[in-house]
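Structural description and commentary
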Amino acid sequence: MGKNGEIVLTAEDGSEEAFFVVEKAEIAGRVYLLVSDQEWNDEDDTTVENQRQDEGTALILRVKEEGDGSDMMVCDVVEDEKELTIVSKYFEELMEGIDISV
């Protein structure tokens, strides 16, 4: 993870996109990351750019493997509707005042 919680996601086709880790949670023995394409302001739960929560892209990632001592990890985007609903509700409760649209 880079400065300010920035991570770079590499797709199977090799393309890369930068995201910021908003929150990390362990649910039922699995680790999940809530990431956004905009830098997040922890103090008031808003994005830094335009100070708006309703803009930008957010993803929920399931961590498959964490590297030993390295910054590398393998993640999958959560696509299962039931799992996505459960995890998004958990993040909403964890971060009062945030609404995650699935």
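All values derive from a computational prediction rather than experimental measurement.

1. Some remarks on the overall build of the protein
Scanning the protein from N- to C-terminus turns up one helix and seven strands. Secondary structure elements of the protein occur, N-terminal to C-terminal, as β-β-β-β-β-β-β-α. Counting only contacts in the protein whose residues sit at least 6 apart along the sequence, the fraction spanning at least 24 positions is 36%. Summing over all exposed atoms, the protein offers an accessible surface of approximately 7,000 Å²; the carbon and sulfur share of this is 43%.

2. Concerning the confidence of the model for the protein
The predicted model of the protein averages 79 in pLDDT, with 71% of residues at 70 or higher. Model confidence for the protein, summarised as mean pLDDT per element, is weakest for strand S5 (residues 46-47) at 47 and strongest for strand S3 (residues 30-36) at 93. Every residue in residues 46-53 scores below 50 in pLDDT, and together they form 23 contacts with partners more than four places removed in sequence or on other chains.

3. Examining the pattern of salt bridges
Inspection of the entire model under this criterion finds four salt bridges. Salt-bridge contacts for Asp 76 lead to Arg 62; the nearest nitrogen and oxygen are separated by 3.6 Å. A residue pair is termed long-range when its members are at least 10 positions apart, and Asp 76 in strand S7 (residues 73-77) and Arg 62 in strand S6 (residues 58-66) qualify at 14 residues. Here Arg 62 ties to Glu 83 by a salt bridge, and the two come within 2.8 Å at their closest N and O atoms. One end of the pair, Arg 62, is in strand S6; the other, Glu 83, is in helix H1 (residues 81-94), and 21 residues separate them in sequence. What you see here is one network of salt bridges that share partners, running through Arg 30, Arg 62, Lys 64, Asp 76 and Glu 83.

Definitions and limits used
- Residues numbered from 1 in each chain as written.
- Predicted model: local features only at pLDDT ≥ 70, side-chain atom pairs only at ≥ 80, totals over all residues.
- Heavy atoms only, no water.
- Helix = DSSP H or I, 4+ residues; strand = E, 2+ residues; numbered from the N terminus.
- Contact = heavy atoms within 4.5 Å.
- Areas by Shrake-Rupley, 256 points an atom, 1.4 Å probe, with all protein chains shown as cover.
- pLDDT = per-residue confidence, 0-100.
- Salt bridge = Lys/Arg side-chain N within 4 Å of Asp/Glu carboxyl O.

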